[in-house]
Structures are given as C-alpha cells and as structure tokens.
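Residue strings, one per chain:
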Amino acid sequence: MRKIIHIDMDAFFAAVEQRDNPSLRGRAIAVGHNGRRGVVSTASYEARPFGVRSALPSVTAKRLCPELIFVEPRFEAYKAVSEQIRAIFHQYTDLVEPLSLDEAFLDVSHHPSATIVAQEIKRKIFETTSLTASAGVSTNKMLAKIASDYRKPDGLFVIPPEDIESFVAQLPIEKFFGIGEVTAAKMHRLGIRTGADLREWSREALIREFGKAGELYYGYARGEDRREVTPNRVRKSLGAEITFIDDIDNFADLLEELAAVRDEVWSRVKRHEFYGKTVVLKVKFSDFHQITRSKTLLTVIESYDTLQTVSNELLESINLENQKVRLLGLTIGNTPEPCAESIQLQFDFDNL
Ligand code: TTP
Ligand code: MG
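Because the structure is a prediction, the values reported are computed rather than measured.

Rules used throughout
- Residues numbered from 1 in each chain as written.
- Chains lettered and ligands numbered in written order.
- Predicted model: local features only at pLDDT ≥ 70, side-chain atom pairs only at ≥ 80, totals over all residues.
- Heavy atoms only, no water.
- Near = heavy atom within 4 Å.
- Polar contact = N/O pair within 3.5 Å; in protein donor to acceptor, adjacent residues only side chain to side chain.
- Areas by Shrake-Rupley, 256 points an atom, 1.4 Å probe, with all protein chains shown as cover.
- Helix = DSSP H or I, 4+ residues; strand = E, 2+ residues; numbered from the N terminus.
- Nonpolar A, V, L, I, M, F, W, Y, C, P; charged D, E, K, R; others polar.
- Axes fitted to C-alpha atoms, helices over the stretch in contact; angles between N-to-C directions.
- Left-handed = near helix turned anticlockwise from the far one by under 90°.
- Contact = heavy atoms within 4.5 Å.
- pLDDT = per-residue confidence, 0-100.
- Expected span 1.5 Å × (residues − 1).
- Buried < 20%, exposed > 50% of the residue type's maximum accessible area, 1.4 Å probe, protein only.
- Arc of directions from axis to C-beta.
- Domains from an automatic or database assignment.
- Donors = N, O, S within 2.8 Å, 3.2 Å for Na, K, Ca; no water.
- Tetrahedral: all angles 85-135°; square planar, octahedral: opposite > 155°, others 65-115°.

### Details of the site of ligand 1
Around ligand 1, a shell composed of 13 residues is seen, among which Asp8, Ala11, Thr42, Tyr45 and Arg48 lie nearest. Take Phe12: an N or O atom from its main chain is 2.9 Å from an oxygen atom of ligand 1. Separating an oxygen atom of ligand 1 from a side-chain N or O atom of Thr42 is a distance of 2.5 Å. In the complex, the protein chains occlude 68% of the 560 Å² of accessible area that ligand 1 would expose alone. Every element with two or more residues in the shell around ligand 1 is listed here: strand E1 (4-9), helix H1 (12-20) and strand E3 (40-43). Classifying every residue of the shell around ligand 1 gives five nonpolar, three polar and five charged.

See the structure below:
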C-alpha cells in the first residue's frame, strides 16, 4: 500500500504578501490587478468570509468587501518560496510531483510514518518561510488531495485505510479531486450527491454518462486511485541531511553521523543514476548558525570511496571548537552539460 502526502500552501500569494508587508497582516487582501478587467488571483483568509476568492472579477470582489486591499502580484517572490518548499520535500523523497507553485504530491511509502513526515514538512516550511501549509495523508493521490483541503488553513488530516470507505461515502461529490463544477452539476442532476450515491452506479453506467472519466469516478467511489506520483523536475542536486536529537560536540561522533548521511546519499545516487562533480557539506550549529563547505572535482563522483574522502575532508576543514552541531547535510550537485531534453523540461517546470 502506498503512502501519499499532498501539501498545499495556505492562501499562498496573499500569505507571502502579508509576510513581506506587516501592514497587510490581519487585513482582507486580494492579490491581483484592481482594474476593470482585473481578477483576483487569491484572497487572504480575512477576505474569504466576504466571498472573495480566486478568479473573481476584482470589481465584484470590491463590492463584496469594500475594505479589500488589492496587492499587485510578485511572481519572483512566490517562485522563491516555491523553490524553498520543494527543497524541503526532496529531503524526504525523490518522488515529488509539483502541481503548481504551492502544492505537490509526495510518495513516502518507504517511510515508517507518513504522518510524521507531513508534520515535519509543515514545521520545516514554517521555519524556513514563516508561512503555513496544509497537509493531507492517505493511500493515494485523490484522497491525499482531499485531505489537505479538509482542515485548511494550517491543517493536517489523515485518512487511514480503515476510514477510507466511510470517509468517501459521506463526501459531497464536488469535493472529489478532478470533479469540477460542470461534472458536479451533471451528477446532481443524476441524483448523485455523495460518494455513497456514486457507489451505487456500475462501471458501465458511469462510462456511458461520463466517457473515460467514468472509470476514474468508479474508483473514486471506492476510495481507489492508482495514479502514481510522477516527478517532473529535472534534478540539479541530490542530498540528505540529519538533525540530531542531542547536539553533538565531538568530531568522532560527527564522523560517524556523516557516514550515515553519506550512505543515504550514495544509495540515492545509485538509485537515480545521478552523478555530479560537487560535494557540499552543510553544518548547522546549536545556535542555528549554518555554514556550507564544498569541493568540486574534475570528474563526476562514481565511487563511494571518493565521496567518503571528500566529505571527510570537508568536515575536517570546519572549525568545530567550542561549537555543538545540530544538523549535518551532504549534497552532490553539478552534473555535466544537460541534454536538450532536460533543458526543455526545465523550461516547462519554470512556467508551472
Ligand atoms: P490555491 O492553492 O488554489 O489557493 P491558495 O493557496 O491561495 O489558498 P488555499 O489556502 O485555499 O490553498 O492556489 C495557489 C496560488 O495560485 C494562489 O495563491 C494564487 C494562484 N492562483 C491564481 O492565480 N488563480 C487561481 O484561479 C487559483 C485557483 C490560484
Ligand atoms: Mg494553496
């Protein structure tokens, strides 16, 4: 059985604006152009009770909420946060599928507890960006996506296997991921209002009414969704890190911990056939002050011994006197020239 997490930032563009401009905090704001033809990209949670939401014409939004403050979008700022959160996701798995700048699916089936991973990710996102995210955890994409929306903002909702059937049965069909307004309206006309109603329909009948999507809906009614998490990002680096339960103050213990991180990095290197020339060691001290040291070789690292030698040298080069270490990270980067295909993918990724 898979373990899937869906993470989605809360009121993303608006939250970034409120973070960067304290005078906007606690206020009803809309990100978007305040012109005659402008539309709202998103609204802060303070504006939502007025009915202000994404895709609403700005004129209508202002009428619904006269005190609404419009803020011009700053895509560079959103992209920067997006990169930060994606880096956090990649600390846990390589199977990360971004759906937009602010949301992604993660397959963490190899991890003992997806719930703990989701909690940690939420915490790291907040520590790194001062923004909140909501997370959903379940056994497939459809359920994880619904779950992340269930306790927004700053929510974490888990649908464990034993609850799937009852959860899906009570769910209004417009809440299912992939059932848009038009399909929902058609289902309502057919008397389908909840997952339980949907379940009464045979596969054949659903395909007759909805074409190929009917097959998907048939699975939805049973809490099933076989789609895999498919990463669409071109890898630029690969790494792992470890935060210690108790800060470490001696070199011998650090060397040992470094070996553990290195083993993890190396197993990923082989799994993904990712070979780079640069090794980066990150050390965070007990006062949260952080440094990195790197070394670039002439050729890509193809043996564990090379990685061991270089990473140990990097650790030795750091002055650890009178300092306690709380985190060690090791990353390999800098692959040789990308091929034409990966340049294209990179371009697509930037325009998500
Ligand atoms: P969403 O995740 O759909 O919305 P949100 O993050 O603003 O709020 P929520 O807490 O409900 O998740 O979209 C992410 C960002 O994408 C959003 O902040 C702005 C942008 N966006 C648009 O520009 N137009 C749209 O129609 C939507 C839906 C989103
Ligand atoms: Mg969001």
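Further notes follow.
### Some points on the packing of helix H3 (residues 75-89) against helix H4 (residues 114-129)
Between H3 and H4, the least distance of the axes is 10 Å, while the angle of their chain directions is 145°. Seen along the crossing, H3 lies across H4 with a hand that is right-handed. Side by side, H3 and H4 meet where Val81, Gln84, Ile85, Ile88 and Phe89 of the first sit next to Ile121, Lys124, Ile125, Thr128 and Thr129 of the second. Each residue belonging to the contact of H3 with H4 can be placed in one class, and the counts come to six nonpolar, three polar and one charged.

### Quick notes on the confidence of the model for the chain
When pLDDT is averaged along the chain, the result is 91; 94% of the residues meet or exceed 70. Ignoring residues within four places in sequence, the model shows residues 338-352, a span with pLDDT below 50, making 11 contacts including any to other chains.

### Quick word on H4
Taking 1.5 Å per residue as the helical rise, H4 with its 16 residues ought to reach 22 Å, and the 22 Å between its terminal C-alpha atoms agrees with that figure. Buried residues of H4: Ala114, Val117, Ala118, Ile121, Lys122, Lys124, Ile125 and Thr129, and no others. Projected down its long axis, H4 shows its buried positions confined to an angular sector of 170°, all on one face. Ser130, located one to two residues past H4, shows a positive phi value of around 60°.

### Considerations on the domain arrangement of the chain
When its domains are assigned, the chain resolves into domain 1 (1-137), domain 2 (164-220) and domain 3 (237-347). Its C-alpha centre places domain 2 at a distance of 48 Å from the equivalent point of domain 3.

### Details of the coordination of the magnesium ion (ligand 2)
The protein atoms that coordinate the magnesium ion (ligand 2) are Asp8 (OD), Met9 (O) and Asp102 (OD), at distances of 1.9 to 2.2 Å. One can describe the donor arrangement at the magnesium ion (ligand 2) as octahedral, given that its six donor atoms subtend angles of 79 to 177° at the metal. All donors of the magnesium ion (ligand 2) come from a single chain, and their spacing in sequence reads D-M-x92-D. Placement of the pair is Asp8 in strand E1 and Asp102 in the loop between strand E5 (96-100) and strand E6 (103-107), with a sequence separation of 94 residues. An identical accessibility class is assigned to Asp8 and Asp102; each is buried.

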